[in-house]
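Residues per chain, in single letters:
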Amino acid sequence: MDFHEVRFPTSLSFGALGGPERRTEVVTLANGHEERNSPWAHSKRRYDAGLGMRSLDDMELVIAFFEARLGQKHAFRWKDWADFKSCRASRGPAFGDQELALGDGVTAVFPLVKTYRSGPSQYVRPITKPVVGTVRIGIEQDEMQESIDYEVDETTGLVTFSHPPDKAMQITAGYEFDVPVRFDTDQIYTSVASFQAGEAPNVPILEVRV
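The shown structure was predicted, so the numbers you read here are calculated from the model rather than taken from an experiment.

(A) Seen up close, the overall build of the protein. When helices and strands are tallied, the protein shows three helices and 17 strands. Structurally, the protein occupies a C-alpha span of about 65 × 55 × 35 Å along its principal axes. Across the 210 residues in the protein, those meeting the buried criterion constitute 42%. Counting only contacts in the protein whose residues sit at least 6 apart along the sequence, the fraction spanning at least 24 positions is 73%. A total of about 11600 Å² of accessible surface is found on the protein, and carbon and sulfur atoms cover 50% of it.

(B) A look at the sheet that holds strand S8 (residues 109–111). With antiparallel pairing, three strands are arranged side by side in an open sheet as S8-S14-S13. The two strands at the open ends of the sheet, each matched to only one other strand, are S8 and strand S13 (150–153). Taken pair by pair, the neighbouring strands of this sheet meet at an average axis angle of 20 degrees, ignoring direction. Relative to strand S14 (residues 158–161), S8 runs antiparallel, the two sharing three bridges. Note that in S14 the partner of valine 109 across the bridge is threonine 160.

(C) The arrangement of the pairing of strand S15 (residues 170–174) in detail. Most of S15 is tucked away: four of the five residues are buried. Across four bridges, the pairing between strand S11 (residues 136–139) and S15 is antiparallel. Residue pairing in the sheet places isoleucine 137 in a bridge with alanine 173 of S15.

(D) Local environment of the side chain of glutamate 154. Mapping glutamate 154 onto the fold places it in the loop between S13 and S14. Of the buried charged residues, glutamate 154 lacks a salt bridge, with arginine 77 as the closest side chain of opposite charge at 6.8 Å. Beyond its immediate chain neighbours, meaning those up to four positions away, glutamate 154 contacts Arg77, Thr128, Lys129, Pro130, Val131, Val132, Gly133 and Glu146.

(E) Representation of the environment of leucine 112 within the structure. Examined against the element boundaries, leucine 112 turns out to sit in the loop between S8 and strand S9 (113–118). For leucine 112, a relative accessible area of 0% puts it in the buried group. The spatial distance from the C-alpha of leucine 112 to the C-alpha of glutamate 99 is 9.0 Å, given a sequence separation of 13 residues. Leaving out residues up to four positions away in the same chain, leucine 112 has contacts with Leu100, Arg125, Pro126, Ile127, Pro130, Val135, Ile137, Gly157, Val159, Ala173 and Tyr175.

Reading guide: rules and limits
Residues numbered from 1 in each chain as written. Predicted model: local features only at pLDDT ≥ 70, side-chain atom pairs only at ≥ 80, totals over all residues. Heavy atoms only, no water. Helix = DSSP H or I, 4+ residues; strand = E, 2+ residues; numbered from the N terminus. Buried < 20%, exposed > 50% of the residue type's maximum accessible area, 1.4 Å probe, protein only. Contact = heavy atoms within 4.5 Å. Areas by Shrake-Rupley, 256 points an atom, 1.4 Å probe, with all protein chains shown as cover. Pairing = 2+ DSSP bridges. Axes fitted to C-alpha atoms, helices over the stretch in contact; angles between N-to-C directions. Lys, Arg positive; Asp, Glu negative; His and termini not counted. Salt bridge = Lys/Arg side-chain N within 4 Å of Asp/Glu carboxyl O.

Following this line, the structure appears as structure tokens:
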């Protein structure tokens, strides 16, 4: 996949509308009961960046970003202001926010994940685009030191330890992250007159698998 490690302007994504989307196949049986199945293991997020534009300067910024990505061709980073941390929105990331795995004394590379819990159910989301300088890693109750104890690949979300964590040791992480996305169109229609009248252009954004 062609991916540009650049972030869509956060001043524009702040006003965007969007969120997670699931794919559920529902079959209604003859007796009225339903069978439901989801072919997707992970949700995908959709956004409309047009709602974040508030001036003609914003419109020019979006068009320049769109042209530099060659429309749908190159994916990029997107800050989802409703969900961009390993913790609650009111807090800063801490090294104990998310459990990544238990050490086995052999494995040295672990992917970042975020777990969403509600009642007895949970969903584990892969985090592939952490924000540079925000990742904190812990083992049991001790925070590790980046560049000494571990390295983070911010382009993949993989954490590599200098020495494999011991068996049954809990590995945790805290971070901020972006969503890998692309434009979901090869056309952006704009009208200065309509924009000044309060009509926002449609700029669809779609999450991609990486």
